[in-house]
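# Notes for the structure review
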Amino acid sequence: MSRRKGLSHEEKRQKMMELFYERKDFFQLKELEKIAPKEKGVISQAVKDIVQSLVDDAMVDTDKIGTCVYFWAFPSKALSTRKRTLDSLNSRLEDTTKRLKTSQAKLEHAMVGREDSGDREEILGRLSQLESSKDQLVKEIQKYCDCDPEVLNQRKEETLVAQVAANRWTENIFSIKSWCKNKFYIEEEVLNKQFNIPEELDYI
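Report follows, based on the coordinates. In every chain, residue numbers begin from 1 and rise along the written sequence. The predicted nature of this model means local features are confined to residues of pLDDT at least 70 and side-chain atom pairs, given and counted, to a pLDDT of 80 or more, with totals for whole chains, interfaces and linings taken over all residues. For side-chain calculations, the full set of non-hydrogen atoms in the structure is used, while hydrogens and water are omitted.

### Focus on the pattern of salt bridges
A carboxyl oxygen of Asp or Glu within 4 Å of a side-chain nitrogen of Lys or Arg is what we treat as a salt bridge. Tallying each qualifying case throughout the model produces nine salt bridges. Here arginine 13 makes a salt bridge to glutamate 10, at a shortest N to O gap of 3.4 Å. Taken together, the residues span about one helical turn, with arginine 13 and glutamate 10 both in helix H1 (residues 9-23) at a distance of three residues. The buried label goes to any residue with under 20% of its type's maximum accessible area, the exposed label to any with over 50%, and the partly exposed label to all in between, with areas taken from a 1.4 Å probe on protein chains only. Given a relative accessible area of 43%, glutamate 10 falls into the partly exposed group. A salt bridge links glutamate 22 to lysine 40, with the nearest nitrogen and oxygen atoms 3.0 Å apart. Linking glutamate 22 in helix H1 with lysine 40 in helix H2 (residues 29-40), this pair joins segments that are 18 residues apart in sequence. The exposure class of glutamate 22 is exposed, given its relative accessible area of 52%. Each of the salt bridges in this network shares a partner with another, and the network as a whole consists of Glu10, Arg13 and Asp57. Runs of E in the DSSP output that reach at least two residues are strands. Runs of H or I that reach at least four are helices, and both are numbered from the N terminus.

The following block contains the structure:
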């Protein structure tokens, strides 16, 4: 004789729900582990995990009273849950249908004047050529951007700012050198060598 095939996880869930619906009572886990193997063929070792999965999916209710944890599920709640789910799905379907109709109307409106024709194909081809020419011209213009009067004026302004800053720091170095020479009687050559100051340092 062939060995009997065990129940799948989903089949065990269905069997447990049948047990709850048929008994219409409150159970502790130990009670379910005794009843389920006899009445529904669900082995006692699997009952805990199956019941917990049903609780996680809100198909079975649970509550702790004192030190005892009870589980229950009634057909009336399942019917109510299915009705709410069905109402929600119908509402989503209606909303999706409306949005689909709106999108189709917009698409039809957008396609007006874009029907395939010889003239349209010619215009699209010409447009593609013009866009390619534009890209090429932009690249050519970028080669000569350094000669742009606006760019040159900006460079002049930036150069002037840099010159002023360089002279300001040069003045600071001369002031510090002068202070060190007077304060510590250090010769200028020694200062220049000690702090890597070029002898030809001067204002720009």
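### Quick look at the packing of H1 against helix H3 (residues 44-56)
A pair of packed helices can be characterised by two numbers: the angle between their axes and the separation between those axes. At a minimum axis distance of 10 Å, the contact between H1 and H3 shows a crossing angle of 80°. Here H1 is positioned roughly perpendicular relative to H3, judged by the angle of their axes. For the pair H1 and H3, the contacting residues are His9, Lys12, Arg13, Met16 and Met17 in the first and Ala46, Val47, Ile50, Val51, Ser53 and Leu54 in the second. Classifying every residue of the contact of H1 with H3 by side-chain character gives seven nonpolar, two polar and two charged. Throughout, an axis means a line fitted to C-alpha atoms (over the contacting stretch in the case of helices), and angles, computed between N-to-C directions, take values from 0 to 180 degrees. When describing relative orientation, an angle under 35 degrees is termed roughly parallel and one over 145 degrees roughly antiparallel, while 65 to 115 degrees is termed roughly perpendicular and anything else oblique. Note on contacts: a residue pair qualifies if any of its non-hydrogen atoms lie within 4.5 Å across the two residues. Classification used: nonpolar for Ala, Val, Leu, Ile, Met, Phe, Trp, Tyr, Cys and Pro, charged for Asp, Glu, Lys and Arg, polar for all others including Gly.

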